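# Observations on the three-dimensional arrangement
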Amino acid sequence: MDDTLHSGPDSIYDVLGVGFGPSNLALAIAVEEHNARVPAAERLRAGFLERQPHFGWHRGMLIDDATMQVPFLKDLVTMRDPSSDFSFLCYLQERGRLVDFLNQKTLFPLRVEFHDYFEWAAARVKHLVAYSAEVLAVEPVMTEDGEIRWFDVISRDPGDPARTVLRRARNISVATGLEPHLPPDTVLSDRVWHTSQLVPRVAELVAAGIPVRRAVVLGAGQSAAEAVDYLHRTLTETEVCAVHAKYGYTPADDSPFANRIFDPEAVDLYFNAPPGVKQSFFDYHRSTNYSVVDMDLIQSLYSTTYREKVQGRQRLRILNVSRIRDVRALDDRLDVTVEFLPTGERKVLAVDILVHATGYRSSDIGVILGDAAKLCLRDEEDAVRVGRDHRVELTPEVTAGVYLQGGTEHTHGITSTLLSTTAIRAGEIRDSLLANRASALADIPA
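Computed from a predicted structure; not experimentally measured.

Quick notes on the rules
- Residues numbered from 1 in each chain as written.
- Predicted model: local features only at pLDDT ≥ 70, side-chain atom pairs only at ≥ 80, totals over all residues.
- Heavy atoms only, no water.
- Helix = DSSP H or I, 4+ residues; strand = E, 2+ residues; numbered from the N terminus.
- Rg over C-alpha atoms; globule rule 2.2 N^0.38 Å.
- Buried < 20%, exposed > 50% of the residue type's maximum accessible area, 1.4 Å probe, protein only.
- Contact = heavy atoms within 4.5 Å.
- Areas by Shrake-Rupley, 256 points an atom, 1.4 Å probe, with all protein chains shown as cover.
- Salt bridge = Lys/Arg side-chain N within 4 Å of Asp/Glu carboxyl O.
- Axes fitted to C-alpha atoms, helices over the stretch in contact; angles between N-to-C directions.
- Parallel < 35°, antiparallel > 145°, perpendicular 65-115°, else oblique.
- Nonpolar A, V, L, I, M, F, W, Y, C, P; charged D, E, K, R; others polar.
- Core = buried A, V, L, I, M, F, W, Y, C linked by side-chain atoms within 4.5 Å.
- Pairing = 2+ DSSP bridges.
- Phe/Tyr/Trp six-rings, centres within 6.5 Å; stacked < 30°, edge-to-face > 60°.

### Regarding the overall build of the protein chain
In terms of regular secondary structure, the protein chain is built from 12 helices and 19 strands. Relative to the globule expectation of 22 Å for 446 residues, the C-alpha radius of gyration of the protein chain, 24 Å, shows essentially globular dimensions. If one aligns the C-alpha atoms of the protein chain with their principal axes, the spans along those axes are about 85 × 50 × 50 Å. Expressed as a percentage of the 446 residues in the protein chain, the buried residues total 49%. A separation of at least 24 residues holds for 70% of the contacts in the protein chain among residues at least 6 apart in sequence. About 21,900 Å² of surface is accessible on the protein chain, with carbon and sulfur atoms providing 52% of the total.

Encoded structure:
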């Protein structure tokens, strides 16, 4: 494998990854491990483009004591190949913490530790990645006989952002992750944040010694509850108000039978099920992931509110069954209008910080692929059609491939945007790349 990424139409990749978070990192490892086992002629040529200057995964929510919500065995490789030396356990051994971790008797590492594991793995395949290389366009390349055999991927030159670099690939793997979801007309500012910005924003306030009288967190899911808890613990003189439309936080269903929705076999069942059954799957098991909170955190927040009532000084307030109806930005504060839904009563809160814990959504494939998105076939609901191997179904003249890592909940189920099947999916995409290359070679006349 080359030590650096090459560019130009004469240097063709078997797969170029757009984005380099955990999903394409897992694919890079799967390709690297395959290439180490086979002769040079059978290796896959892979490269990955990432707009960030270095690897990063949800850095804004790397709260010091927050733990992962998936067990460490659902790392980048173990579910695909338990013998891989890219596993979390191998990372612990190399860091000298394996025994210490085992003595905790937990399956759920700290989030900051798992991020360090990702960085450790990314450093081992850094020769496959160009950072500070934002993808600007994906252009189909048509041969003289009308076949679209490649895609030209155009990205910023990391050494000179004013210039662009072109790379040609037989396949692309789109793994640009999730983007913050905000209420309509919301504009982020020094006072209005999304939870994706939480930790660095708070650090800036603390470092500058800026007082915060009141902070409001909008949302009822895990990130919202974590943000409320973090702000309350970190800004010790601040009143923190949690605003959500629910009566109370809903506990996450992490029971063993419900958790089977994250099993690799569940993806097969979901993919092959009729549309109505797919929807039922989703509705029945929303409580495993969507707008739910770990029970330990719910109990901790409740204990805090009760303790403060006993002490006669309430800094943590739960404004339940409520919605934010208006936000006015003034010179020295925000005026946030909160409506109590059962009565319609409204009150205006003077707020220094408003944090939107309103979740994420998958990136728009049309924005990522540009004109190439017109080649993607769509179903009756106008959703992109995707095969079981995560390869997008394209118009007949296209023999190049587009693989989606994420944004396929409509075809592959609830794990599409989660870590649970990342390792398995990477192996499936690698195997699909190999199978399609073998098929293409078999079609070439002797």
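### Here we look at the pattern of salt bridges
If the charged atoms of two oppositely charged side chains come close together, the side chains can form a pair. Taken as a whole, this structure holds 32 salt bridges when the rule is applied. Of the charged contacts, one joins Asp 335 and Arg 333 as a salt bridge, the two residues approaching to 2.9 Å between their closest N and O atoms. A salt bridge links Asp 371 to Lys 374, with the nearest nitrogen and oxygen atoms 3.8 Å apart. You'll find Asp 371 and Lys 374 in the same group, each marked exposed.

### Observations concerning the packing of helix α7 (residues 264–272) against helix α8 (residues 275–284)
Relative orientation and spacing of two packed helices are given, respectively, by the angle between their axes and the distance between those axes. Where α7 contacts α8, the two axes come as close as 7 Å, and the packing angle between them is 135 degrees. In terms of orientation, α7 lies oblique with respect to α8. Between α7, through Leu 269, Tyr 270 and Phe 271, and α8, the contact on the second element is made entirely by Lys 278, Phe 281 and Phe 282. Across the contact of α7 with α8, the residue classes break down as five nonpolar, no polar and one charged.

### Section: the nonpolar core
Grouped together as the largest cluster of nonpolar side chains are 39 residues, with contacts concentrated most on Phe 20, Leu 25, Leu 76 and Phe 118. Elements represented by at least two residues in this core include exactly α1 (22–35), β3 (46–49), α2 (88–95), α4 (111–124) and α12 (422–443). Residues contacting Leu 76, with those up to four places away along its chain left out, are Pro 22, Leu 25, Ala 26, Ile 29, Tyr 117, Phe 118, Ala 121 and Ala 423. Of all hydrophobic cores here, the second largest spans 30 residues; its members include Ala 169, Ala 373, Cys 376 and Val 392.

### Some remarks on the pairing of strand β15 (residues 334–340)
Counted residue by residue, β15 has six buried out of seven residues, so it is predominantly covered. When strand β14 (residues 322–329) meets β15, the two strands line up antiparallel, connected through seven bridges. Note on β15: the bridge partner recorded for Ser 322 is Phe 340. Here β14 folds back onto β15, and the loop between the two strands holds four residues. Pairing between β15 and strand β16 (residues 345–351): seven bridges, direction antiparallel. The partner of Asp 335 across the bridge, within β16, is Ala 350. The turn linking β15 back onto β16 is made up of four residues, and Gly 344 within it adopts a positive phi angle of 80 degrees.

### Some details on unusual backbone geometry
The backbone phi angle of Ser 291 is positive, close to 50 degrees, even though this residue is not glycine. Here Ser 291 is to be found in the loop between α8 and α9 (295–311). Judged by its relative accessible area of 43%, Ser 291 falls in the partly exposed class. Unusually for a residue other than glycine, His 390 sits at a positive phi of about 75 degrees.

### Quick notes on the packing of aromatic side chains
Scanning the entire structure with this criterion turns up 19 aromatic pairs. Plain terms: the ring middles of Phe 114 and Phe 118 are 5.2 Å apart, the flat faces sit at 70 degrees to each other, and that makes the pair edge-to-face. Of this pair, Phe 114 and Phe 118 both sit in helix α4, separated by four residues, roughly a single helical turn. You can call Phe 114 buried: its relative accessible area is 1%. Classification of Phe 118 as buried rests on a relative accessible area of 1%.

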